[in-house]
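A closer look at the structure
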There are 4 protein chains.
Amino acid sequence: MQKITKIGIIGKSNKKEAIESALKLAKWLADKGIEVLIDEKLMLKEQKGYSFSPSQDIPSRVQMIVVLGGDGTLLSVARLVGNSGVPVLGVNLGSLGFLTEIALPELFPAIEKVLNGDFRIEKRMSLVAKVIREGKDIGEYLVLNDVVINKGALARIIDLETYIDENYLTTYKADGLIISTPTGSTAYCLSAGGPIVYPTLSSVILIPICPHTLTNRPLILPPEVTIKVILKSEREEVFITLDGQWGFNLLINDIVEIKRAERTLRLIKSPHRSYFEVLRTKLKWGGR
Amino acid sequence: MQKITKIGIIGKSNKKEAIESALKLAKWLADKGIEVLIDEKLMLKEQKGYSFSPSQDIPSRVQMIVVLGGDGTLLSVARLVGNSGVPVLGVNLGSLGFLTEIALPELFPAIEKVLNGDFRIEKRMSLVAKVIREGKDIGEYLVLNDVVINKGALARIIDLETYIDENYLTTYKADGLIISTPTGSTAYCLSAGGPIVYPTLSSVILIPICPHTLTNRPLILPPEVTIKVILKSEREEVFITLDGQWGFNLLINDIVEIKRAERTLRLIKSPHRSYFEVLRTKLKWGGR
Amino acid sequence: MQKITKIGIIGKSNKKEAIESALKLAKWLADKGIEVLIDEKLMLKEQKGYSFSPSQDIPSRVQMIVVLGGDGTLLSVARLVGNSGVPVLGVNLGSLGFLTEIALPELFPAIEKVLNGDFRIEKRMSLVAKVIREGKDIGEYLVLNDVVINKGALARIIDLETYIDENYLTTYKADGLIISTPTGSTAYCLSAGGPIVYPTLSSVILIPICPHTLTNRPLILPPEVTIKVILKSEREEVFITLDGQWGFNLLINDIVEIKRAERTLRLIKSPHRSYFEVLRTKLKWGGR
Amino acid sequence: MQKITKIGIIGKSNKKEAIESALKLAKWLADKGIEVLIDEKLMLKEQKGYSFSPSQDIPSRVQMIVVLGGDGTLLSVARLVGNSGVPVLGVNLGSLGFLTEIALPELFPAIEKVLNGDFRIEKRMSLVAKVIREGKDIGEYLVLNDVVINKGALARIIDLETYIDENYLTTYKADGLIISTPTGSTAYCLSAGGPIVYPTLSSVILIPICPHTLTNRPLILPPEVTIKVILKSEREEVFITLDGQWGFNLLINDIVEIKRAERTLRLIKSPHRSYFEVLRTKLKWGGR
């Protein structure tokens, strides 16, 4: 990676701590002669000397992005980054996250290391979900964590006819179905009974939510598969949710087609902290 | 139990098979000199010689009710029966149910036996759920299976502060919470990861749906407890569902208070078929 | 309960802390005019002024027993207490236990309260397991937690033909089978995927260990059942273990018959600490 | 693949059906001018006209091996095949297996297709486990399914200190630990609560058996990792088992080091049957 001279800062917009940290970081970077581009939602009008921009324009204008927030904020940024390939550093403002493993007090030493080249890039697989209604594509969505198809709260069990590369898998009768990346395995998947999949292991995870058939275990598939889920329930209210952040209604016979995204997200990681350390802390495994 | 001279028939109203079976059964019973009262929803206008009635009035006018349908139909009848104490015989029109374990071909021999006193009554515990909003009771509901509090499809994880007899239990962070009778343990509970609780064992089952805290295991409590669940999530859409059949929105700080119902449902059972036989068949445990 | 004038002390014999605490407690009780009988395994020769006795003779000679150790020590004492009905107070020397919920620093205030009558007695169901070989009883065992039938480490899956009150349940194909009291539900059962059963809810829990049939869920049965398990595997090495503490080999066609014990163990509990507090701490559920 | 002119036949030696099928197959192949080498354990003395050989010598002398037996028989053959790279076709003599998906009645049509080149080779990852005691290698073992470290039946929970590529993972407190290939995910792993991992997805699966820490979920790792497990329990009896077929005692501080094997097993598969069909049948998922 070439010398970093331009850094973007994106943060959780309604959070005072994100705004304050963004300014401190901007100043610290500017003092080092680095150009800073700040998410305009974090930028108070009266601040001078820094450039700001709508967050969606930042990825194409910088060499690296610092995200100030939680795992949710990083998921949004992953979507913005899309195919640009800009690496991202996640900083948590509250409790340790799987994607934001740098705590606020570690921020400056961590960035110092990054500027000195003491870091590694971890490539995280994303998924693309396409929704097809009556033969027409009605939307295509990029997710870093998961695609969730689930029933409304008052609906009954739904039927999801599922194919892997055109081979019939089964018709899940369940509250819903999660199609997840390894990165997403420690998010909603875990609550639904899934395993922990090491984040750099290219693979796709399929987990039914409260399945009626008790032997419908989580399924881990090769990354190159195409998964096709057809909604077969007519009267029930069903939704698709992308990275737990936004979604919409599905109708009977809607097809959701899920494939690996072409580009991976490039996460900046400390070479000195292992994934297992984060795992032990988040899951309270206890020490030696 | 005294000699049975008056029997009610209630069935799944939109099902042709229920209507046909009801008529056959009515005729068969009338031939034996038994008075029959048929759910008016099953009664075609032109049928003569039988009394009919709105289903809700049947329990108070008969000594026994035959239900033609599935477990769902029986759940509705259980609600109608309420405190009347009338025993109920469940006949499944399709696949074997946990509550409707008599198949259609066994119907006449089974009723013959019942009329001869060759049966046992199994008492099934019910629950009463009361919803309290801003200090006022806004509804009270009787369930034979379960009370489910769960989030809307697009909502995030919800917070449910839970007390057992005024002792703080925990604040579940989950997709929802099931409060179930033993009868309900083989319904939704099973999909949510719960154990099988023998249906006559008085107890209350608490199962979080996709809990964020992985150690939040199902909890089996004594029947005399009062469970209080307070919704603590403000912005999320949350619902309460009763026996999987009807429900409504909950608001922040709504209290759901659940207790054992005073009366039990009296199910008519064959002395010749064990619960375990039903279990083995429904769960495909295989034979010896 | 009448005024307490005679207390027994039993502890984990190879633990220095148990010996020290026993002496301090003995002195403290003697100062209050209470007669103390100490487990001889805790009694150093040179100590004068206290009576000592083999632990098995203590229950019949005192009005109450203080156990110094962990849950394992309390399980052994429960066996000694047997039908005597002497209440037991559990004090943990290390980390909080489900049965030993009093910590060492709380010992004197706790006993003070007990002497003043500020306590409640919680009755815990026990089980009796009888092993029958070729028609003959070869042993009868009392357990407070669980009976475990499991295969040797190099053995394959074993077949356990199981009956509930002479009704065939299923033939488990598994690594083993746990038959547990509610007290035992938070011990081995929990690791094997079982629910948490409130300790005073009379019931029996059946949990297969790593069952081959994935739908073989934990089963919660009424307390009055008789469970009969027949070992059907010939060549595999199989063991029965009682309360995780001792056990022996089973042979093909051996019958293990399990029933509720007639007497319950009487545990002395603080009226000021709820079971749920212990649960939250042990399972790291986090606070409000 | 070049034209097949020499085929080996290995079978379950104590099974009459294996012997009979082997002879029929040998005759059928000989009639087609194919040289046949039969496992001597299947060879009745009086049979003439066929070559026979100890099974361990067969892989180096043929172009393909037909296995007659169950998944267990195929696991043994996988070990014999080792690094030779000879492809293997599994034929089940009883019920459908995950590795032996060809039923006896399909045998001749299936082989016909293979001889005509209508088949695909599926490469299955194997693992190599090395046991190190006091600094010395005491054995190295090849497995297609799994390495299991588990406690003896009367032993208590054991401590297994585990490292991934020299990074500390955790110290499992459990009945044992399974380290499995994707092929092994539908064997013992499934009973221990694991997910289904598509058999060609290179990865290593780590599943604790009845873990004391309830958040110790199954872990799916990249195939290039080295897993190191150190036994930390002194007094308990602990065993290592390889592919569920043979094993031996481990001692305190023994190190088990597990890596992917260099060579993969080459399984001959029908291009007309999907893995998901086998899955649906074996796990009774039901059809559409």
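What you are looking at is a predicted structure, and each value in this text was computed from that prediction instead of being measured.

1. Quick word on the overall build of chain A
Within chain A one finds 5 helices and 21 strands. The C-alpha atoms of chain A give a radius of gyration of 20 Å, which matches the 19 Å a tight globule of 288 residues would have. Within chain A, the fraction of its 288 residues that count as buried is 60%. In chain A, once contacts between residues fewer than 6 apart in sequence are set aside, the share between residues at least 24 apart is 67%. Working note: accessible area of chain A is about 11,600 Å², and carbon and sulfur atoms make up 47% of it. Treating the 37 positive side-chain charges of chain A as one cloud and the 32 negative ones as another, the clouds have centres 5 Å apart.

2. Description of the domain arrangement of chain A
Residues and elements named next belong to chain A. What the domain assignment reports for chain A is domain 1 (6-124 + 264-283) and domain 2 (127-260). With centres defined by C-alpha atoms, the gap from domain 1 to domain 2 works out at 30 Å. Counting residues at the interface gives 17 residues for domain 1, matched by 14 residues for domain 2. Summed over the three residues of domain 1 that lose the most area to domain 2, namely Leu75, Arg79 and Tyr275, the buried surface amounts to 44% of that side. Here domain 1 is connected to domain 2 by 0 salt bridges. Linking domain 1 to domain 2 there are 4 residue pairs in polar contact (both at pLDDT 80 or more). Looking at the side of domain 1 that touches domain 2, the elements that each hand over two or more residues are α2 (71-81), β7 (120-124) and α5 (275-282). Here the side of domain 1 that touches domain 2 takes 6 residues from α2, the largest share from any one element. The residue makeup of the side of domain 1 that touches domain 2, split by class, is 10 nonpolar, 3 polar and 4 charged.

3. Some words on the pattern of salt bridges
With the rule as written, the count across this model stands at 56 salt bridges over all chains. Between Glu277(B) and Arg273(B) there is a salt bridge, and its shortest N-O distance comes to 3.7 Å. Between Lys41(C) and Asp39(C) there is a salt bridge whose closest N-O contact spans 3.4 Å. Looking at Asp39(C), the relative accessible area reads 0%, which means it is buried. Look at the salt bridges and you will find they share partners, linking Glu106(A), Arg273(A) and Glu277(A) into a network.

4. Some details on the relation of the copies chain A and chain D
With an RMSD of 0.0 Å, chain A superimposes on chain D once it is rotated by 180 degrees and translated 0.0 Å along the axis. Between the two chains, the operation in question is that of a two-fold axis. Judged by C-alpha distance, Pro195(A) is the residue of chain A that lies nearest the rotation axis, at 3.4 Å. Looking at the interface residues of chain A, 100% of them are also at the interface in chain D, so both copies use one shared face.

5. Considering unusual backbone geometry
Look at Asp165(B): it is not a glycine, yet its phi comes out positive at around 50 degrees. Within the secondary structure, Asp165(B) sits in the loop between β11 (158-164) and β12 (167-174). Despite not being glycine, Lys284(C) shows a phi value in the positive range, around 55 degrees. Position of Lys284(C) relative to the elements: it lies in the segment after α5 (275-282). Since its relative accessible area comes to 41%, Lys284(C) is described here as partly exposed.

6. Some points on the interface of chain A and chain C
Residue-level contacts link 4 residues of chain A with 4 residues of chain C. Together, the buried faces of chain A and chain C total about 490 Å²; carbon and sulfur atoms form 63% of this surface. On the chain A side of the interface with chain C, the three residues burying the most area are Leu214(A), Thr215(A) and Lys284(A), jointly 81% of the side's total. At the boundary of chain A and chain C, one finds 0 salt bridges. The interface formed by chain A and chain C includes 1 residue pair in polar contact (both at pLDDT 80 or more).

7. With respect to the environment of Phe98(A)
Assignment of secondary structure puts Phe98(A) in the loop between β5 (88-92) and β6 (102-103). For the pair formed by Phe98(A) and Lys282(A), sequence separation is 184 residues and the distance between their alpha carbons is 8.2 Å.

8. Notes on the confidence of the model for chain A
Of the residues in chain A, 98% reach a pLDDT of 70 or more, and the chain-wide mean stands at 93. Reported confidences for the modelled complex are a pTM of 0.96 and an ipTM of 0.94.

9. Notes on α5(C)
All names here are of chain C. Among all positions of α5, only Tyr275, Phe276, Val278, Leu279 and Arg280 are buried. The N-terminus of α5 is capped by Ser274, whose side-chain oxygen sits 3.1 Å from the backbone nitrogen of Phe276. Directly after α5, the chain includes Lys284, whose backbone phi takes a positive value near 55 degrees.

10. Some thoughts on the packing of aromatic side chains
All chains considered together, the criterion is met by 32 aromatic pairs over all chains. Ring geometry for Tyr198(D) against Tyr275(D): centres 5.1 Å apart, planes inclined by 70 degrees, an arrangement best described as edge-to-face. Of this pair, Tyr198(D) sits in the loop between β14 (196-197) and β15 (204-209) while Tyr275(D) sits in helix α5 (residues 275-282); the two residues are 77 residues apart in sequence, bridging distant segments of the chain. The residues Tyr198(D) and Tyr275(D) share a single accessibility class, namely buried. An aromatic cluster of three or more residues is present, and its members are Phe98(A), Tyr198(A), Tyr275(A) and Phe276(A). The residue whose ring lies beneath Lys228(A) is Tyr163(A), and the NZ or CZ to ring-centre distance is 5.4 Å.

11. Quick notes on the interface of chain A and chain D
The partner chain D presents 39 residues to the 39 residues of chain A that form the contact. Between chain A and chain D lies a buried interface of about 3,200 Å² when both sides are counted; carbon and sulfur atoms form 62% of it. Connecting chain A to chain D are 0 salt bridges. Put simply, chain A and chain D have 20 residue pairs in polar contact (both at pLDDT 80 or more) between them. The element contributing the most residues to the side of chain A that touches chain D is strand β12 (residues 167-174) of chain A, with 5 residues. For the side of chain A that touches chain D, a count of residues per class yields 20 nonpolar, 14 polar and 5 charged. Relative to β14(D), strand β16 (residues 219-221) of chain A runs parallel, the two sharing 2 bridges. In the strand pairing of β14(D), Leu219(A) is matched with Ile196(D).

12. Brief notes about the side chain of Ser55(B)
Residue placement: Ser55(B) occurs in the loop between β3 (51-53) and β4 (64-69). The residues contacting Ser55(B), other than those within four sequence positions of it, are Ile10(B), Asp39(B), Lys41(B) and Leu80(B).

What counts and what doesn't
- Numbering of residues starts from 1 in every chain and runs along the sequence as written.
- Think of it this way: whatever chain is written first is A, whatever ligand is written first is 1, and the rest follow in order.
- With the structure being a predicted model, the display of local features is reserved for residues of pLDDT at least 70 and the display and counting of side-chain atom pairs for 80 or more, all residues being used for whole-chain, interface and lining totals.
- Only hydrogens and water are removed before side-chain values are computed, so all heavy atoms of the structure are retained for them.
- Strands here mean DSSP runs of E at least two residues long; helices mean DSSP runs of H or I at least four residues long; both are numbered from the N terminus.
- The globule rule used here is 2.2 Å times the number of residues to the 0.38 power, and the radius of gyration it is set against is calculated over C-alpha atoms.
- Burial classification: accessible surface area is computed with a 1.4 Å probe over protein chains only, and a residue below 20% of its type maximum counts as buried, one above 50% as exposed, and the rest as partly exposed.
- Should any heavy atoms of two residues lie within 4.5 Å, those residues are counted as being in contact.
- We get accessible surface area from the Shrake-Rupley algorithm with a probe of 1.4 Å; when it comes to residues, only the shown protein chains can shield them.
- Positive charge is attributed to Lys and Arg, negative charge to Asp and Glu, and no charge count is given to His or to the chain ends.
- One atom stands in for each charge, and that atom is NZ of Lys, CZ of Arg, CG of Asp or CD of Glu.
- Note that the domain bounds were set by an automatic or database domain assignment.
- By buried area we mean how much accessible surface two parts lose on assembly, using a 1.4 Å probe and totalling the loss over both.
- By salt bridge we mean one thing: a side-chain nitrogen of Lys or Arg within 4 Å of a carboxyl oxygen of Asp or Glu.
- What qualifies as a polar contact is a pair of N or O atoms within 3.5 Å, subject to a donor-acceptor requirement within protein and to the restriction that residues adjacent in sequence count only when both atoms come from side chains.
- Each residue is assigned to one class: nonpolar for Ala, Val, Leu, Ile, Met, Phe, Trp, Tyr, Cys and Pro, charged for Asp, Glu, Lys and Arg, and polar for all the others, Gly among them.
- In superposing the copies, a least-squares fit is computed on C-alpha atoms, taking residues whose pLDDT is at least 70 in both.
- What pLDDT conveys is the predictor's confidence in a given residue, as a value from 0 to 100.
- Any two rings among Phe, Tyr and Trp, with Trp reduced to its six-membered ring, count as a pair given centres within 6.5 Å; such a pair is stacked if its planes are under 30 degrees apart, edge-to-face if over 60, and tilted if neither.
- Geometrically, a charge over a ring is one whose NZ (Lys) or CZ (Arg) sits within 6 Å of the ring centre while staying within 35 degrees of the ring normal.
- For two strands to count as paired, DSSP must find a minimum of two bridges between them.

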